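Chain by chain, the residues run as shown.
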Amino acid sequence: MITRSFFFLFFILLASPSWAAIPSAASSDFRFSLGFLVCDYYTGVEDDDSTDSTTGLQSCIDDAMSNRLVAFLTGCGVYRINATLKFYKWEDWNDANGAATGWGLNSGAHAIRGTHTCGGGDQPEIKLNPNVSAFSNASDPRPMLAFRNFAALNTNAVVGTEPSNPLKNPANFEDGAAVAFYETFEGINLNTNGNPGAIGLTMATAQDSTLLNTTITATGSYAGIFTLPGRSSVTGNITIIGGKYNILHGALDGRTLEATQGLTLVGVTLSGATTNAIYLNEQVVSTMAGFDITKTTAGSVIKSDARVVLLDGKVTTSGAGANAVAVENVNDFNLYVANLYVTGSTNLIQSGGTITTGSGTWAKVIEYVYNDQFSKDGSNDPTVFPTYANGEFHLEARSYLASSGAAGVLGAAALPIVTTTNNSSAPPSDLLTQHLWATGGLFASFEDGPYEDPRTYNASCMYTSTYDPLDGQPGVDCTSALQTAITNAGNAGHNRVVIPRGSLYLTGTVDLEANTKLVGSGPLTSVISYRSTWGPTSETYLLQSANSASGTAALSFIGLNVRSTPLATAFIGAAKWRTGKDSYWIGTAHRTNYQSPSNPSQGIKMVRYANNGGGKRYGVHGGFGDVIDSHADFRWLYLDANTQPFAWYGANVESTKTGVKALANIELNNADAGSYFFGTKREGSSETIRMTDSSKVAYYGIGAHKKLSTGTQGDVTILGASNNILIANAT
């Protein structure tokens, strides 16, 4: 139980809370008004590596979910548990629709995070007690922490019914991972403590979820992780040690948690697996960028029964793992690999019975492409393609037959296209870290030191009596208060500004300085929105960042929300970003909603990168827009001749599903500084991306969730004098 005392700051009462069970010390802690529920105040919660904290932690998790808060661990020690911590949600049956209720913006999301103040790379750890009977059976494994959403199948479904094993479904429910949005696990380590049937974490969640900054020790156990956040959520800066599998994603003894597809992994370190370091078994293309894997046992290192992109990684094998296949493409799915370094094995990649080999202390796979659609179209003729709807055009990668005597003749078999280097130099030291948002993987936080709070300049400006941040409430205008906080943070030199729990309404654009850090608790809990009295008649934005190539401005766990009612707000976008390559967005969402009126007079660019705009975005959601994007010129992202490199990890874009459609979700116009996309889920009837007069573009892993509508030009459209473009592995 926590023994510290904290200054209480601007506590604001919600209209209809369920706080009866929340300890008074937790609700009066200053972090409560920032959106954090400190679990250490709950009875029995101790980080002393001996007290059983299961009951107290579960109560904190449940209370945080019910009250739209983030469960927060402040201790730097070890919290012991003896049962699964359940991050469960249920969708009730809807008689009118004849289906489960689905997800709504007000249905909330689970979030648990740990303190960043421990130092020395330490952070809170949750550890399973030894010899727990429920975790003793390796043939019936279960996770320490389970994020699950259960969808009712019929009227007999009873909300609150739990499954016998967290990886199964309750009676009259099915897996509902497809609508488990905005779930968060960050800054906490896990330890299975040698229980043979234990899995560290199952996170069967969908878009906008984040799994960040964790070390999972699974030595002697089944797996570190079974099922990662899908639909182009982001898993980043993770280390897993031990387990039969470090990561298993897909089928487990016939139990497939549906819809957790389309993974994006960034900054992954794996070691000690006894079977495979990673086994992927799902269909939508997944992308992993920046990884370091060590294996000393037999069996392939990365086993893929899926469509996969692998970038910037190294694989080290030794002992019984010497000469293990580094990447095994089990059923010959589309595979793209670039910049992979392998040592200890000559067997680099296997597809279709063909093993690509290398030699030397380090062998480097510069580029590898495997794409077999012959088995799909039933023909051995390389000029015959599968039949696709709407006249779509698809490409097949084929090797030329050098021995045929006819230059340019395609082979009749699907052979990989490979470029390798034997006796390569050792991999660079930043192979993994180049893909992370900051050194050490820690993003800007209220815990980093002094910060400014807009409530200091207007104590009433946060609107907390509703959690429909798209409703344009006529709450107190916070524009001046937020702008003052940003200015004063810059003058103080720390540049940190918190967005507290609730909705902060604006009536004009707020300008960020070159190094401003806006930090919140989550995209549903720390929200910047428009006030209904703001009615611009031309394109404008909630936020505009400073035009600085060297700036480090950042958005961390906040929501940016606009809507289409009243009509004038169809001119408001989320942000105009003009800060350079060292800036970033993480755990942030920009959203519209599904409300009238239809056919706005202008198609806005929800986020526009211009001037010195660049940097990295992680799992930033652009979605929910049936109407505001019902204009041909609407874009979720628009790169407007920006001069700094840009990267988006785990893009999720959802444009028009009804009515007049936006031509594209993403557009690049005269973008030549380098534009990189790592994993995308597109939903709706608009193109994923179009490029006009742009170059230096790499698009890795495009996974469509909905088919393109008739009349759409294609998933990717390239126009004008565009060149130097790579599209790698699209489904």
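This is a predicted model, so every value here is computed, not measured.

Asker: Pulling in residues and values, what's your account of the nonpolar core?
Answerer: Counting residues in hydrophobic clusters, the biggest one holds 103 residues, and the most contacted among them are I126, F185 and L201. With sequence-adjacent residues up to four places away left out, I126 is seen in contact with L73, Y79, I81, L85, M144, L145, I188, N189, L190 and N191. Judged by nonpolar contacts, the second largest core, of 52 residues, contains V497, L504, A574 and A662.

Asker: For the layout of surface pockets, give the residues involved together with the corresponding values.
Answerer: Taken as a whole, the second largest pocket encloses approximately 560 Å³ of empty space. Lining the second largest pocket are 30 residues, and of these Q434, H435, L436, K616 and Y649 sit closest to its centre. Elements with a contribution of two residues or more to the lining of the second largest pocket: β25 (308-317), β27 (335-343), β45 (615-618), β48 (646-654) and β50 (675-683). Considering every element that reaches the lining of the second largest pocket, the biggest residue donor is β48, with 3 residues. Residue classes in the lining of the second largest pocket are distributed as 16 nonpolar, 9 polar and 5 charged.

Asker: Quick one: what's the story with the state of the cysteines, residue by residue and with numbers?
Answerer: Taken as a whole and assessed by the stated rule, the structure comprises 2 disulfides. What pairs with C39 in a disulfide is C60, and their sulfur atoms sit 2.1 Å apart. Measuring handedness by torsion sign, the sulfur bridge of C39 and C60 sits at about -75 degrees and is left-handed. With C39 in the loop between β1 (36-38) and β2 (48-52) and C60 in helix α2 (residues 54-66), the pair connects residues that are 21 residues apart, well separated along the chain. Look at C60 and you get buried, because its relative accessible area is 0%. The disulfide that involves C76 links it to C118, with 2.1 Å between the sulfurs. The sign of the S-S torsion, about -95 degrees, decides the handedness of the disulfide formed by C76 and C118: left-handed. Placement of C76 in the loop between β3 (70-73) and β4 (78-81) and of C118 in the loop between β8 (111-114) and β9 (125-128) is noted, with a sequence separation of 42 residues between them. For the protein chain, numbering the cysteines in disulfides from first to last along the sequence yields the connectivity 1-2, 3-4.

Asker: Tell me about the side chain of E91, and name the residues and values.
Answerer: Among the structural elements, E91 can be located in strand β5 (residues 85-91). Although E91 is buried, it makes no salt bridge; K89 carries the closest opposite charge, 8.0 Å away. Apart from residues lying up to four places away in sequence, E91 is in contact with A100, T101, G102, N149, F150, A151, A152, F173, G176 and V179.

Asker: How would you explain empty space enclosed by the protein if you had to name every residue and give the values?
Answerer: The full count for this structure, using the stated rule, is 5 cavities of 30 Å³ or more. By volume, the largest cavity amounts to about 110 Å³. Around the largest cavity, the lining comprises 14 residues; the ones closest to its centre are A109, A111, Y182, G522 and T525. Across the lining of the largest cavity, the residue classes tally to 8 nonpolar, 5 polar and 1 charged.

Asker: How would you sum up the pattern of salt bridges? Please name residues and give values.
Answerer: In a structure, side chains of opposite charge can pair up when their charged atoms sit close to one another. Taken as a whole, this structure holds 13 salt bridges when the rule is applied. Between E162 and K86 there is a salt bridge; the shortest N-O distance is 2.7 Å. One end of the pair, E162, is in the loop between β10 (142-152) and β11 (173-175); the other, K86, is in strand β5, and 76 residues separate them in sequence. The exposure class of K86 is partly exposed, given its relative accessible area of 26%. Ionic pairing is found between D640 and R608, a salt bridge with its closest N-O pair at 2.9 Å. Here D640 is found in strand β47 (residues 635-640), whereas its partner R608 is found in strand β44 (residues 605-610), with 32 residues between them in sequence. Three or more residues are tied together by salt bridges with common partners; here these are E539, R608 and D640.

Cut-off values and rules
- Residues numbered from 1 in each chain as written.
- Predicted model: local features only at pLDDT ≥ 70, side-chain atom pairs only at ≥ 80, totals over all residues.
- Heavy atoms only, no water.
- Core = buried A, V, L, I, M, F, W, Y, C linked by side-chain atoms within 4.5 Å.
- Buried < 20%, exposed > 50% of the residue type's maximum accessible area, 1.4 Å probe, protein only.
- Contact = heavy atoms within 4.5 Å.
- 1 Å grid on protein atoms, 1.4 Å probe; cavity = no way out; pocket = protein on both sides within 12 Å on 5 of 7 lines; lining within 4 Å.
- Points joined across faces, edges and corners; volume = space filled by probe spheres on them.
- Helix = DSSP H or I, 4+ residues; strand = E, 2+ residues; numbered from the N terminus.
- Nonpolar A, V, L, I, M, F, W, Y, C, P; charged D, E, K, R; others polar.
- Disulfide = S-S within 2.5 Å.
- Lys, Arg positive; Asp, Glu negative; His and termini not counted.
- Salt bridge = Lys/Arg side-chain N within 4 Å of Asp/Glu carboxyl O.

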